[in-house]
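Survey of secondary and tertiary structure
So the chains spell out like this:
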Amino acid sequence: TERVIDGLRQAVKLAQAADIRLALENHWGLTTEPAAMLRLVQEVNSPWLGVCLDLGNFPPGQRLAGIELLAPYAIHAHAKAGQFTANGEETQIDYRTELAILSRAGYRGPLVIEYEGDGDPAVGIQRTRDLVMRHWPPSSEGV
């Protein structure tokens, strides 16, 4: 972990010189566990490093806590979807709740669609867009 932190510190120096921001995605390896990812970002402690928050990449049972933990550091987010209910909700991701967490954390960056379901991708992408638009900005009712 210390080597990763040192490497990230070097990377943010290059990012700052190039006037770009880097984002770590919660995806595998050291970034699988939300607390470990938070440690990386906090240890580097640079405005040039943030989080690419993928709503679909959390270990079982850690999704909401992970989003709460990492949302304040998010500079980019992935709205992932794979399957939908009859009323257009994602079967595994509670977008109403998760987008509300992002909103409360002050996130106003892009929500990039990642459709990973079967069938026509154009239809899946449109359904994911509709889902995000239905819940963003989230309603304050019941949240």
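Residues numbered from 1 in each chain as written. Predicted model: local features only at pLDDT ≥ 70, side-chain atom pairs only at ≥ 80, totals over all residues. Heavy atoms only, no water.

Section: the overall build of the protein
Of regular secondary structure, the protein possesses five helices and four strands. Reading the secondary structure of the protein in the N-to-C direction produces α-β-α-β-α-β-α-β-α. Its C-alpha atoms give the protein a radius of gyration of 16 Å, within 12% of the compact-globule value 15 Å for 143 residues. Counting only C-alpha atoms and orienting by the principal axes, one finds that the protein spans roughly 50 × 35 × 30 Å. Taken across its 143 residues, the protein has 40% of its residues classed as buried. Restricting to contacts in the protein with at least 6 residues of sequence separation, those with at least 24 account for 73%. Of the accessible surface of the protein, which amounts to about 7900 Å², a share of 53% is contributed by carbon and sulfur atoms. Mean positive and mean negative side-chain charge positions of the protein (13 and 18 charges, respectively) differ by 5 Å. (Helix = DSSP H or I, 4+ residues; strand = E, 2+ residues; numbered from the N terminus. Rg over C-alpha atoms; globule rule 2.2 N^0.38 Å. Buried < 20%, exposed > 50% of the residue type's maximum accessible area, 1.4 Å probe, protein only. Contact = heavy atoms within 4.5 Å. Areas by Shrake-Rupley, 256 points an atom, 1.4 Å probe, with all protein chains shown as cover. Lys, Arg positive; Asp, Glu negative; His and termini not counted. Charge placed at Lys NZ, Arg CZ, Asp CG, Glu CD.)

Here's the deal with the packing of helix 4 (residues 95-104) against helix 5 (residues 121-135)
At a minimum axis separation of 9 Å, helix 4 and helix 5 run at an interaxial angle of 60 degrees. Looking at the two axes, helix 4 sits oblique to helix 5. Remark: the crossing between helix 4 and helix 5 carries right-handed chirality. Facing helix 4, whose interface residues are Y95, R96 and L99, helix 5 presents L131, V132 and H135. Residue composition of the contact of helix 4 with helix 5, by class: four nonpolar, one polar and one charged. (Axes fitted to C-alpha atoms, helices over the stretch in contact; angles between N-to-C directions. Parallel < 35°, antiparallel > 145°, perpendicular 65-115°, else oblique. Left-handed = near helix turned anticlockwise from the far one by under 90°. Nonpolar A, V, L, I, M, F, W, Y, C, P; charged D, E, K, R; others polar.)

Let's talk about the pattern of salt bridges
Tallied over the entire structure, the rule returns 10 salt bridges. Put simply, K80 and E116 hold a salt bridge, and the shortest N to O gap is 3.6 Å. In this pair, K80 is assigned in strand 3 (residues 74-81) and E116 in the loop between strand 4 (111-115) and helix 5, connecting sequence segments 36 residues apart. Connected via shared salt-bridge partners are D54, K80, E114 and E116. (Salt bridge = Lys/Arg side-chain N within 4 Å of Asp/Glu carboxyl O.)

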